Amino acid sequence: MALLEHEPVTTSDNERAVLKKIDQVLKNEKRMPRLVGPDGEEIELPGSLFQVLQRTIYHMLHGRDISIVPIERELTTEQAADLLNISRPSLVNLLEKGEIPFHKVGTHRRISLADLMIYKAQRAERRALALAEMVRLSEEMGLYEEERRSAEEFNRKQRARDEVTHVSEDAEPYE
Amino acid sequence: MPPLRAVLDACVLFPASLRDTLLCAADHEIYQVQFTNEILEEVSRNLLKKGISECSNICKPYL
């Protein structure tokens, strides 16, 4: 359960060549790569492990350190809040409003990863729709245009004022 | 790395170009947007004054 116990794995520079080679092998989607055991036994990689390797290599080739964090299928409120990028009280609020299903283990609330992912996707969709609608309205009502014009007007006045200031500064010594 | 957070106050939520740009950036998870009901009410109030009632609910999905 202690998620931070996993020490990151660092890629060293002299491994890059072989990592690139493995990356090429993993990108060949026609044939599933095989793992060859010490006694020559060949095992075809299952799809899930294949995905893990692809993602791992991607990050290693970008010079990032790797640590594997298992995600429990049952999350604590803390973990769920982290996954949604919100505070724990905000998450509890969502649970109490019935936005995300949960169940209790003793006195502790648990959220299923699947339910949380559904909520996360719905939230993203709601936001994207609202945003698209907002942009549509702003365009329709000419708000962007109006703001651009008033910004130009402001700049014009500012320039005019600056010019006046310059003239008076220049003029000063003659007074 | 903790998420980058920013409180957007009414002054940047009122102008359409600024608001829509900032919210698009938040939508792409460049930073995490935060505001309070009070801020949103202030925005709604001013949008209504301007006669733009349609926009007043825009930020709600982000709360």
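Residues numbered from 1 in each chain as written. Chains lettered and ligands numbered in written order. Predicted model: local features only at pLDDT ≥ 70, side-chain atom pairs only at ≥ 80, totals over all residues.

1. Quick notes on the overall build of chain A
Going by this rule: Starting at the N terminus, helices and strands are each numbered in turn, a helix being any DSSP run of H or I of at least four residues and a strand any DSSP run of E of at least two. Any residue surrounded by 20 or more other C-beta atoms within 10 Å of its C-beta is treated as buried, while 12 or fewer makes it exposed and the intermediate range makes it partly exposed; C-beta atoms here are placed from the backbone. For every residue pair, C-beta atoms are placed from the backbone, and the pair is scored as a contact if these atoms sit within 7 Å.
When its secondary structure is counted, chain A shows six helices and five strands. Looking at the 175 residues of chain A, the share that counts as buried comes to 9%. Here the contacts in chain A between residues at least 6 apart in sequence split such that 49% fall between residues at least 24 apart.

2. Observations regarding the packing of helix 3 (residues 77–84) of chain A against helix 4 (residues 88–96) of chain A
Residue and element names in this part refer to chain A. Formally: Between N-to-C directions, angles span 0 to 180 degrees; the directions come from axes that are lines fitted to C-alpha atoms, helices contributing only their stretch in contact. By the definition adopted for this analysis, an angle is roughly parallel if under 35 degrees, roughly antiparallel if over 145, roughly perpendicular if from 65 to 115, and oblique otherwise. Only Asp, Glu, Lys and Arg are considered charged in this grouping, and only Ala, Val, Leu, Ile, Met, Phe, Trp, Tyr, Cys and Pro are considered nonpolar; every other residue, Gly among them, is considered polar.
At a minimum axis distance of 9 Å, the contact between helix 3 and helix 4 shows a crossing angle of 100°. By the criterion of interaxial angle, the relationship of helix 3 to helix 4 is roughly perpendicular. Seen from helix 3, the contacting residues are Thr-77, Glu-78, Ala-80, Ala-81 and Leu-84; seen from helix 4, they are Arg-88, Ser-90, Leu-91 and Val-92. Its residues placed into classes, the contact of helix 3 with helix 4 shows five nonpolar, two polar and two charged.

3. Some thoughts on unusual backbone geometry
The bulk of non-glycine residues show a negative phi, and the bulk of peptide bonds are trans. Residues and elements named next belong to chain A. For Asn-85, which is not glycine, the phi torsion reads 65° and is therefore positive. Position of Asn-85 among the secondary structure elements: in the loop between helix 3 and helix 4. Given 13 C-beta atoms within a 10 Å radius, Asn-85 is considered partly exposed.

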